[in-house]
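# Analysis of the macromolecular model
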Amino acid sequence: MDVLGIDACGKQGWVGIRLTGGAYAGSLVAVSLDTLIERAGAVAAIAVDMPLGLGERGWRAADLAAKALLGTRRSSVFLIAPRPAWQEPDYPAAANRCQELTGSRLSRQAWALAPKLLEARACWLADERIHEVHTEVSFYALAGGVPLAYAKKTWRGQNLRRALLAEAGLVLPDELGEADRVAVDDVLDAAPPPGRRTGSRSGSQSGFPWCLSRTWRAASSRFDTDRFIT
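Attention in this report is confined to the structure presented alongside it.

Calculation rules
Numbering of residues starts from 1 in every chain and runs along the sequence as written. Confidence filtering applies because this is a predicted model: local features only for residues at pLDDT of at least 70, side-chain atom pairs given and counted only at 80 or more, and all residues used for totals across whole chains, interfaces and linings. Each side-chain value is worked out from all heavy atoms of the structure, with water and hydrogens disregarded. Secondary structure follows DSSP: runs of H or I at least 4 residues long count as helices, runs of E at least 2 residues long count as strands, and numbering of each begins at the N terminus. Buried residues are those whose accessible area, probed at 1.4 Å on protein chains only, stays under 20% of the maximum for their type, while exposed residues exceed 50% and partly exposed ones sit between those limits. The contact rule is simple, with two residues in contact once any of their heavy atoms fall within 4.5 Å. Note on areas: Shrake-Rupley with a 1.4 Å probe; residue coverage comes only from the protein chains shown. DSSP bridges decide pairing: two strands pair if at least two such bridges lie between them. Lines fitted to C-alpha atoms define the axes, with helix axes restricted to the stretch in contact, and inter-axis angles between N-to-C directions lie between 0 and 180 degrees. Any pair of Phe, Tyr and Trp rings, taking the six-membered ring for Trp, is counted once the centres come within 6.5 Å. Such a pair is stacked with planes under 30 degrees apart, edge-to-face with planes over 60 apart, and tilted for the rest.

## Some points on the overall build of the protein
A count of helical and extended segments in the protein gives nine helices and seven strands. Here the protein, with 230 residues, has 50% of them falling under the buried criterion. Across the protein, contacts joining residues at least 24 apart in sequence account for 59% of those joining residues at least 6 apart. Here the protein displays about 10,400 Å² of accessible surface, and carbon together with sulfur accounts for 53% of that area.

Quick look at the structure:
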């Protein structure tokens, strides 16, 4: 089975790591997410390291659970505002709207995700193969349920994450191809570790051990991510 893991990578757009039968099968880089997914072709499942499921009020339970789970790495999880806040035109308006809906203001760091979040969410609503993931929770699971002691931008942290992927069966080569010039932490966050299958939003098998489960939010095609599966 072919699967694709994706992470945002700044001005370069998006980076994708493809697996075939659980082994590394190439990398892709594209400015737009829909272009990257189109270039990937027939993959069974797509994991995107970006908030996708949005609620109408209150903080997402998945984010709160991840923060509690990750301990020293909890700063890697941004609290994601309800959907109406992301429809505001600028940060002050979004922060105020978030205050109304959650009791707290949206952080500037979280608001910086807005362009990529909205782009990824549009793809997610249109493509049943796409799943929201949080890779730091994945690495927590790969490490045996222990938060990693080193941040992903540090030398030790990057080597640790690469080693954990290799132990799970995903060996990232020294030469990645298109992703050779992408920041290391973005490549690691895009790499989908092979593992047991988990339930997807449709109840089928996703092929990722670190997907988030979803519940129907309404009769529309929107979902609210409610908890992590590891």
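## Observations concerning the sheet that holds strand β1 (residues 2-8)
The strand order across the open sheet built from five strands is β3-β2-β1-β4-β5, with neighbouring strands paired in mixed fashion. The sheet terminates laterally at β3 (23-30) and β5 (130-132), the two strands that pair on one side only. Looking at each pair of strands side by side, their axes are set apart by 25° on average, direction ignored. Most of the contacts of helix α1 (residues 33-40) go to β3, to which it runs at about 145°, and overall it touches β1, β2 (14-20), β3, β4 (45-48) and β5. The sheet contacts of helix α6 (residues 114-126) involve β1, β2, β4 and β5, and relative to β2 the element is tilted by about 40°.

## Here we look at the packing of aromatic side chains
Summed over the entire model, instances satisfying the criterion amount to one aromatic pair. Aromatic pair Trp-86 and Trp-111: ring centres 5.8 Å apart, planes at 15°, arrangement stacked. Pair noted here: Trp-86 is in helix α3 (residues 83-86) and Trp-111 is in helix α5 (residues 108-111), with a separation of 25 residues, a long-range link. Comparing Trp-86 with Trp-111 shows no difference in burial state: the two are buried.

## Topic: the pairing of β1
Where burial is concerned, most of β1 is hidden: seven out of the seven residues are buried. Of the two faces of β1, the one carrying Asp-2, Leu-4, Ile-6 and Ala-8 and the one carrying Val-3, Gly-5 and Asp-7 are both buried. Bridge count for β1 against β2 is seven bridges, and the pairing is antiparallel. Residue pairing across strands places Gly-5 opposite Ile-17, the latter belonging to β2. The turn linking β1 back onto β2 is made up of five residues, and Gly-10 within it adopts a positive phi angle of 60°. Bridge count for β1 against β4 is four bridges, and the pairing is parallel. Bridge pairing links Val-3 to Ala-45 in β4.

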